[in-house]
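The residues making up each chain are set out below.
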2 protein chains.
Amino acid sequence: MTSAQPTPDNGSPVPKPRPSTIEDVAREAGVSRAAVSKVIRNAYGVSERMRTQVEAAIERLEYRPRVAARAMRGASFTLGFEIPQVGNDFLTMIVDGATEALAATPYQMIIAPLGREQKSDVAINSLADRQVDGIVAIAPRVDPAWLERIAERTPLVMIGRHDRSDRYDTITGDDRSGAEQVMSHLIELGHRRIVHLTIHPSRPEPPWAGQAGDEPHVIRTAVYRERMLALGLEPSVIHTLFDGSEAHEVTRALLDSPEPPTAIFAGNDTLAIGILSAIAEAGLDERDVSVVGYDDVPIARHPLVSLTSVDQDGVTMGREAARLLLERLAGRTTAVQLENAPRLHERRSSARPRRP
Amino acid sequence: MTSAQPTPDNGSPVPKPRPSTIEDVAREAGVSRAAVSKVIRNAYGVSERMRTQVEAAIERLEYRPRVAARAMRGASFTLGFEIPQVGNDFLTMIVDGATEALAATPYQMIIAPLGREQKSDVAINSLADRQVDGIVAIAPRVDPAWLERIAERTPLVMIGRHDRSDRYDTITGDDRSGAEQVMSHLIELGHRRIVHLTIHPSRPEPPWAGQAGDEPHVIRTAVYRERMLALGLEPSVIHTLFDGSEAHEVTRALLDSPEPPTAIFAGNDTLAIGILSAIAEAGLDERDVSVVGYDDVPIARHPLVSLTSVDQDGVTMGREAARLLLERLAGRTTAVQLENAPRLHERRSSARPRRP
DNA sequence: TCCCTCGACTGAATCCTTTCAGCGCCCTCC
DNA sequence: GGAGGGCGCTGAAAGGATTCAGTCGAGGGA
């Protein structure tokens, strides 16, 4: 990065123009503050004449309501999304779906991304502190009881985990079915040495004690184990970090081992992409090592990648999450659980093994 | 998505527990509100004894300051990022860099994503309304004068565009140099029929009148034109939407044309990925049509993709953007311009043409 | 001993919006 | 013609933090 070029300070300290307030608008329009407030919020009890007057004043003064002040008594018109990994395209799909669903509403979406070493609760707390009107948490690694405490104050939709609650809504994919489809597919192709590579489950430590079994990845792993054992095969599970680079390293080591797998079932597509890169670098292809991912992110469809993957329709999940929050804000108090049916898309990355 | 399973309302309307306020903490610790405030903000004039007392009370009451209330008089400890396209991995890199830079600070980052049809100003306004302490805008398609008005009130860093301002800081890549590298590379490989496929520039309409020339993509296009004309070749520029799918369609049509190009210079990697998919689907490869992208997103390095691309180090841009904002918040009033030097990474996607 | 200074702490004002109780006024209905 | 009700609007309180001017007490210097 080239050295900075500071522009000379022109001496005159620019006086910050005070942005206009609802008070200014009221004075300008010759009405009370309360009246202006009603116009803004489209509330009941506003004559046509006053509406046009106030709107004109708002226009003239370029008035914009301060969200902070609104939040103190009313609503912030903001929905917060906790996103565990910004670069993950599955999460992007969720955001896309939600953006679309929110487009015609007065609600603005904000995203609190998780830092590399940050925990979910930091981001969720940060959203709650900002008094968002609703929160979407994606497979958060926190204690369900803690989540319920948050949900007591702020409508919350949790995407991914399979625990249920009366307090918050959940949206899940049927991870059992998805993983079954993957395993059936690989087994039918004739694979026997199948490795499962996935992310670390949340550690079973307080305050999040031993509930990891509800996490999507953990369920997929369980299905993998069952199916392997049912065939009298030895399961082999490897855990890595979220980011695909460790998956890449691990795969490279696997390929160098005396008896490398003929197939790898990846916990998600981000990992699968990392795995594919190691296989390609080694000069191998799908008939040496097949790979199946999970999420069906856009790049999986790309003909150069052509990754077999489980589609769980993240866009719909995001859209539904937004809808559920809006419903809650409109008054619903009962909890809702949605589950969608995943579907395996078979592509080039999975094939019959060259030698079983 | 499977039908909803409403949990039965258990009748007892749960009384929302009132979260504790600074008042409660003050009472609990036997001090004044102002004292608690000072402890929280690490302000001057706090004895060791009082600090420990107050901190204990905060702990006991699980007190968390309300950002909305803080924002009304002080700071919101929030930095806002306007992101024009959530799925774009270059923008993800910027966010990653910024997240890292902010990790050790009390500042939390929030992202305002742009909807499909939304304009930059909506997202930027929305951040300003939320009284974030600073804003990062990425190649926003708004009038520079408008941006300066925002910057009068809130420190602002603009990434991408090449216009300068005394009011806000800018971070750019040297797009001229980057585009020169691309064109030199393609020409040296022997390409002559080179098409440039890029995104639509902002329309030269009020309130953003005819300043599109400062946009990174427009500069890259200008360089392309110059180099083609210098060789006596006819430039051919095609504009598409942000998203790679239209690039895919357009490329397919190009390949079917009587005299298809031997190389395509893509305005960014997202487009390049879309172009590559059309080429691969047509059963062609880099010796039929070479492709060069811009941004060097992570997937470009993937051996299955191996896209030649210009690296402008988005992670550093994000980190620097965060740093510049923190500097402003610490008191700097002069504007700073940073520019980094892009570097072309040659990969498999660009090769000598099979027949020139 | 008295005055002054300085550090630690407090009380009250302030930020901007929503909400709620209440007040005229006009219309309708009996 | 009076009661009642609905509509349109207002004034003031409330919400939770920061900030500023000031108070108090201890310690130092003359």
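Here, residues in each chain are numbered from 1, in the same order as that chain's written sequence. Written order determines the labels here, with chains lettered from A and ligands numbered from 1. Under the rules for a predicted model, residues below a pLDDT of 70 receive no local features and side-chain atom pairs below 80 are neither given nor counted, while totals for whole chains, interfaces and linings still include all residues. Values shown for side chains rest on all heavy atoms present in the structure; no hydrogens or waters enter the calculation.

Caption draft 1: Expanded view of unusual backbone geometry. The phi dihedral of A:Ala139 falls on the positive side, at around 40°, and the residue is not glycine. When its relative accessible area of 29% is taken as the criterion, A:Ala139 is described as partly exposed. Of note in this structure, B:Glu62 is not a glycine but carries a positive phi near 50°. Within the element layout of this structure, B:Glu62 appears in the loop between α3 (48–61) and α4 (67–73). Burial classes: relative accessible area under 20% of the type maximum marks a residue as buried, over 50% as exposed, and values in between as partly exposed (1.4 Å probe, protein chains only). Judged by its relative accessible area of 51%, B:Glu62 is exposed. Helix and strand assignments come from DSSP, with helices taken as H or I runs of at least 4 residues and strands as E runs of at least 2, each series counted from the N terminus.

Caption draft 2: Region of interest: the protein's contact with DNA strand C. Close to DNA strand C lie 27 residues; A:Ile22, A:Arg41, A:Tyr63, A:Arg73 and B:Arg73 are nearest. Summary of the distance rule: residues count as near a molecule or strand when at least one heavy atom falls within 4 Å of that molecule or strand. Take the atoms of DNA strand C that sit within 4 Å of the protein: sugar and phosphate atoms are 63% of them. Distance and chemistry together define a polar contact, namely a pair of N or O atoms within 3.5 Å, with one atom able to donate a hydrogen and the other to accept it when in protein, and with adjacent residues in sequence counting only for side-chain atoms on both sides. The separation between a phosphate oxygen of DNA strand C and a polar main-chain atom of A:Ile22 is 2.5 Å. Within the side chain of A:Arg41, a nitrogen or oxygen atom sits 2.7 Å from a phosphate oxygen of DNA strand C. Only α2 (33–41) and α4 (67–73) of chain A together with α2 (33–41) and α4 of chain B provide two or more residues apiece to the surface near DNA strand C. When residues are sorted by character, Ala, Val, Leu, Ile, Met, Phe, Trp, Tyr, Cys and Pro go into the nonpolar class, Asp, Glu, Lys and Arg into the charged class, and all the rest, Gly among them, into the polar class. By residue class, the composition of the surface near DNA strand C is twelve nonpolar, six polar and nine charged.

Caption draft 3: Geometry of the domain arrangement of chain A. All names here are of chain A. The domain boundaries assigned to chain A delineate domain 1 (22–65), domain 2 (74–173 + 314–340) and domain 3 (175–312). How far each domain reaches was decided by an automatic or database domain assignment. Computed from C-alpha coordinates alone, the two centres of domain 2 and domain 3 are separated by 27 Å. Once two parts are brought into contact, the accessible area they lose, counted with a 1.4 Å probe and summed over both, makes up the buried area. Between domain 2 and domain 3 lies a buried interface of about 1700 Å² when both sides are counted; carbon and sulfur atoms form 53% of it. On the domain 2 side of the contact with domain 3, Phe 90, Arg 141 and His 162 bury the most area, a combined 33% of that side's loss. In what follows, salt bridge is the name for a side-chain nitrogen of Lys or Arg lying within 4 Å of a carboxyl oxygen of Asp or Glu. The tally of links from domain 2 across to domain 3 stands at one salt bridge. Between Glu 215 and Arg 141 there is a salt bridge, with its nearest N and O atoms 3.7 Å apart. For the interface between domain 2 and domain 3, the tally reads five residue pairs in polar contact (both at pLDDT 80 or more). Secondary-structure elements contributing two or more residues to the side of domain 2 that touches domain 3 are α5 (89–102) and α12 (314–329). Element by element, the count of residues in the side of domain 2 that touches domain 3 is highest for α5, at three residues.

Caption draft 4: Highlighting the interface of chain B and chain A. In this analysis, two residues are considered to be in contact whenever any of their non-hydrogen atoms come within 4.5 Å of each other. In this assembly, 73 residues from chain B lie in contact with 72 residues from chain A. For the pairing of chain B and chain A, the buried interface totals around 6100 Å² over both sides, and the portion due to carbon and sulfur atoms is 59%. Inspection of the chain B/chain A interface yields four salt bridges. With its nearest N and O atoms 2.6 Å apart, the salt bridge here joins A:Asp129 to B:Arg64. At the boundary of chain B and chain A, one finds 15 residue pairs in polar contact (both at pLDDT 80 or more).

Caption draft 5: Structural context of the sheet that holds strand β9 (residues 290–295) of chain B. Residues and elements named next belong to chain B. Pairing is mixed across the open sheet formed by six strands, whose spatial order is β7-β6-β8-β9-β10-β12. Strands at the two margins of the open sheet, each flanked by one partner only, are β7 (237–240) and β12 (343–345). The sheet shows a mean angle of 20° between the axes of neighbouring strands, taken without regard to direction. Helix α8 (residues 175–189) rests against β6 (194–199), β8 (263–266), β9, β10 (308–311) and β12 of the sheet, and its axis sits at about 165° to β9. Note on pairing: two strands pair once DSSP finds at least 2 bridges between them. Each axis is a line fitted through C-alpha atoms, taken for helices only over the stretch in contact, and angles between the N-to-C directions span 0 to 180 degrees.

Caption draft 6: Spotlight on the side chain of B:Thr78. Locating B:Thr78 in the fold gives a position in strand β1 (residues 78–83). Its relative accessible area of 3% is what places B:Thr78 among the buried residues. Among the polar contacts made by the side chain of B:Thr78, one reaches the side chain of A:Arg130 at a distance of 2.6 Å.

Caption draft 7: The arrangement of the relation of the copies chain B and chain A in detail. For the match of chain B to chain A, the screw axis carries a shift of 0.0 Å, the RMSD comes to 0.1 Å, and the turn is 180°. Interpreted geometrically, this transformation is the action of a two-fold axis. Of all interface residues in chain B, 99% are interface residues in chain A too; the two copies therefore contact each other through one and the same surface. Residues below a pLDDT of 70 in either copy are left out; the C-alpha atoms of the rest, at least 70 in both, set the least-squares superposition of the copies.

Caption draft 8: How the structure looks around α12(A). Residue and element names in this part refer to chain A. Taking 1.5 Å as the rise per residue, α12 with 16 residues should run 22 Å; its terminal C-alpha atoms sit 23 Å apart, in good agreement. Restricting attention to buried positions, one finds in α12 the residues Gly 314, Thr 316, Met 317, Gly 318, Glu 320, Ala 321, Ala 322, Leu 324, Leu 325 and Arg 328. On its buried face, α12 is in contact with β1 (78–83), α5, β3 (134–138), β4 (156–159), β5 (169–173) and β11 (337–340). Of the residues trailing α12, Gly 331 is marked for its positive phi of about 125°. Helix span, expected: 1.5 Å multiplied by one less than the number of residues in the helix.

Caption draft 9: Just the protein's contact with DNA strand D, in detail. Taken together, 29 residues are adjacent to DNA strand D, and A:Ser32, A:Tyr44, B:Ile22, B:Ser37 and B:Arg73 come closest. For DNA strand D, the backbone portion of the atoms within 4 Å of the protein, that is sugar and phosphate, comes to 65%. Between a phosphate oxygen of DNA strand D and a side-chain N or O atom of A:Tyr44, the distance comes to 2.3 Å. Within the contact set of DNA strand D, a base nitrogen lies 3.4 Å away from a side-chain nitrogen or oxygen of A:Arg73. Mapped onto the surface near DNA strand D, the elements with two or more residues apiece are α2 and α4 of chain A together with α2 and α4 of chain B. Of the residues assigned to the surface near DNA strand D, the class counts are 14 nonpolar, six polar and nine charged.

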